[in-house]
Every structure is written in structure tokens, then in C-alpha cells.
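Now for the letters of each chain:
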Amino acid sequence: MKNIIIYTAITIGLMSIQVSCKEEKTSAPPAEMKPMMMHSMETVEIKKSNPKVELKLPGELIPDQETALFAKIPGYVKKINADIGSYVSAGQVLMVLEAPEIQSQAANAKARWQAQEAIYVATKSNYDRMYRANETKGAIAKDALDQITARKLSDQAQVNAAKSAYREVQDINQYLVIRAPFSGIITERNVDLGAYVGPNGGAPLMVIQNTSKLRLSLSVPEANVQYLQTGDTISFRISAIPEKNFKATISRKSGSLDVKLRSEKIEADFINHSRELKPFMIAESVIPLQNREATFFIPRSALVESNMGIYIIRNEGGKTKFVPVKKGRILNDMIEVFGELSEGDKIIKKGNEEILEGVNIK
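About the cut-offs
- Residues numbered from 1 in each chain as written.
- Predicted model: local features only at pLDDT ≥ 70, side-chain atom pairs only at ≥ 80, totals over all residues.
- Heavy atoms only, no water.
- UniProt positions renumbered as here; feature names shortened; annotations may be inferred.
- Pairing = 2+ DSSP bridges.
- Helix = DSSP H or I, 4+ residues; strand = E, 2+ residues; numbered from the N terminus.
- Salt bridge = Lys/Arg side-chain N within 4 Å of Asp/Glu carboxyl O.
- Buried < 20%, exposed > 50% of the residue type's maximum accessible area, 1.4 Å probe, protein only.

Under the annotation held in an unreviewed UniProt entry, the protein carries the name RND transporter and is attributed to Chryseobacterium angstadtii. Among the UniProt annotations of the protein, the heading Sequence similarities (unreviewed entry) holds the following wording: "Belongs to the membrane fusion protein (MFP) (TC 8.A.1) family."

**Student:** What am I meant to see in the sheet that holds strand β7 (residues 177-179) here?
**Tutor:** Sheet strands associate in pairs through backbone hydrogen bonding, adopting either a parallel or an antiparallel arrangement. With antiparallel pairing, the four strands of this open sheet are ordered in space as β7-β6-β4-β9. The sheet is open, and its two edges are formed by β7 and β9 (196-197), each paired on a single side. Where strand β4 (residues 75-80) lies against strand β6 (residues 93-98), four bridges are found, and the strand directions are antiparallel. Of the residues in β6, the one forming a bridge with Y76 is E98.

**Student:** Can you help me understand the pattern of salt bridges in this one?
**Tutor:** Opposite charge on two side chains permits them to pair, given that their charged atoms come into close proximity. Counted under the stated rule, the structure contains 15 salt bridges. Between R189 and D83 there is a salt bridge, and its shortest N-O distance comes to 3.0 Å. In this pair, R189 is assigned in strand β8 (residues 184-189) and D83 in the loop between β4 and β5 (87-88), connecting sequence segments 106 residues apart. Given the relative accessible area of 24%, R189 is considered partly exposed. Overall, the relative accessible area of 35% leaves D83 in the partly exposed class. Ionic contacts of the salt-bridge type, sharing partners, join the residues D64, K213, R215, R252, E267 and D269 into one network.

Shown next as C-alpha cells:
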């Protein structure tokens, strides 16, 4: 009985202690909230500059002049004076054709011309005699003199017509001789001796190219065409000759953009004295792009591209401020931007979408 009383007393004591602790815990004042920390962001000061930005573009070397030679009249190849790889001069005879019917026509036309000349000579002699006899008054009737005059003029016209017909055949006969239209190299020959050729199309007799001057053809993207001017120098390399660097001068700009590529075609002339470079080689060109005035170049990490647009984050009064910009040229780890910016502005060096506008900057 004594033990039971002691156990009950201990239990009641423990319960009272628990109740007092619980009340003490409930009545304790709440802990104070700590203030939010400021974001630590690295900023950079922007300044205007005007560096030369290199634009790398693939291009193609094309001959300054290229012509495919065809036969104007039907004939047979009689003589060939040049072959693939031959260097020829302007006006040099490359090939001679043979057309017997043309030669026969020329002979007939010449014979008719000579016959008409003989008739005219006889008529003119009669006219001269009658004209001299007419010096004696009444010796020659006026009607007879008019008739001989008209006949002389008619025969003279017949001579001129026969002469023109002969020259026309002679001009056609000249088409049997194929000459080089300009100095260059023969890059293609598609006929052999005795082959029948004509003006009905097909493969050309020969192809001649002027390789002493080559054109570097490039397609410049729309965003970069404003930086290129006629007379600018372009450096380029050829994969077949990697140890050498070549230079060409911009000579022509198309003045319009390609509808599909949205680029402007430009051509730069290269004087190929050593003929080391060949037409239709692929060139890797480097074009220096420089603006007319200084602009802002910022670290590429500072540019933010999101669904909200393209912008940078400026430190404005110790808080973040979004500034919309447009992209320009790229120079290594820097990028050109255009927007409402001023020299001395400080921007966040590493911008991202997680940074909100109006946040305090430490």
C-alpha cells in the first residue's frame, strides 16, 4: 500500500512538470525575421570603340572572261591549231572549218560580179562615145542619149548588187575560221578533225577562259553589307595552298539582295600573274568590317536573349534596369549592341533570365 502511494505521487509530479514546460514553450515570443540579403553582381563600365571585326566567308574564284565557241554555219573540221591547256592571243586562229557549198557559192557570186562589170564597161564605153558625139549639135538624138544614160545607171546598179552578194558570201566564208575573242587558255575541246559541226547547239567546239585575272565571288549577309565599300581589300586562302595568303580588291557590288539568301553578291579582282590559282577554286576569305563611327561592344555574357526580347541589365541607382538592344558584329567574346546607352553606364557582366528588374545590386 505504501508503494502504491509513492508511485502515484511521482506520476502526478511528472505530469505537472510537463504541463508547465508546455505552457512555457507556448508563451515564448516568436523569433525576429532576418532581412533579405542584396544580390552580389559584377558590373562593367561600357565605352565606345571602333575595332575592325573579321568576317569569315566561303567564296569561289571564277575567270574574268569565259566564252564557249560554236560554229555559225555547218561544216567539217579541217584544222585544229589549239588544244586543252594552250595559251592563245586575241585574234589567233584556233580552228578552220570546211564547207564546199559555201566556197562554190562564193565562186559563183564572184563570177556574176565580174560578168556584170564587163557589161557595165561596155555600156559605159557606148555612153562615153555618145556623150562626146553629142558635143556636135544635132549629131545624137536626145531620146537615144536618155536611153544610154538609163542603161549605164542600170548596169552600174547591177554591178553594185553583184558585188554586195559576193561580199555577203565572203563574210559567211569567214565564219569558217574560228578565232580567239580574247587572250586566255583553252580549257575544253570537244571536236576532232573531220567532225561535222553546225549551229544547232550541243557541245561547244572549244571553251576559252581568261585566267590572268580572277574574280572572287562572295555572298555577304544583309547585316554586314553596310560595312563593305568598293576598293576594300579582302584576304583569302586556298585549301590546296594553305601556306599562302592572297589579297583581292572589291571591284563590284550587285546593289541588290538575293531573295533566297538575303545576301548581296560582291566580286573582288585578283591579278593571277603566276597562274598559280585556278578558276572555280574554293576560297576562305577574311573581310575586315569597320563602322563609320564608334559603337558599344559589351561582353557576350552580358547579353540576355529570352521570350521578353534581347536586352542587357544596367545598374541604375543601385537597382537592375532592363535595356532593350539590337545585336551587331561579333568580336571574339565581345558583341556590338545598339540601344539607349551612354558612355560610363555600368551593366551586369553576367546577365541571365533569373535576374529580375528592380532588384538591389550589392
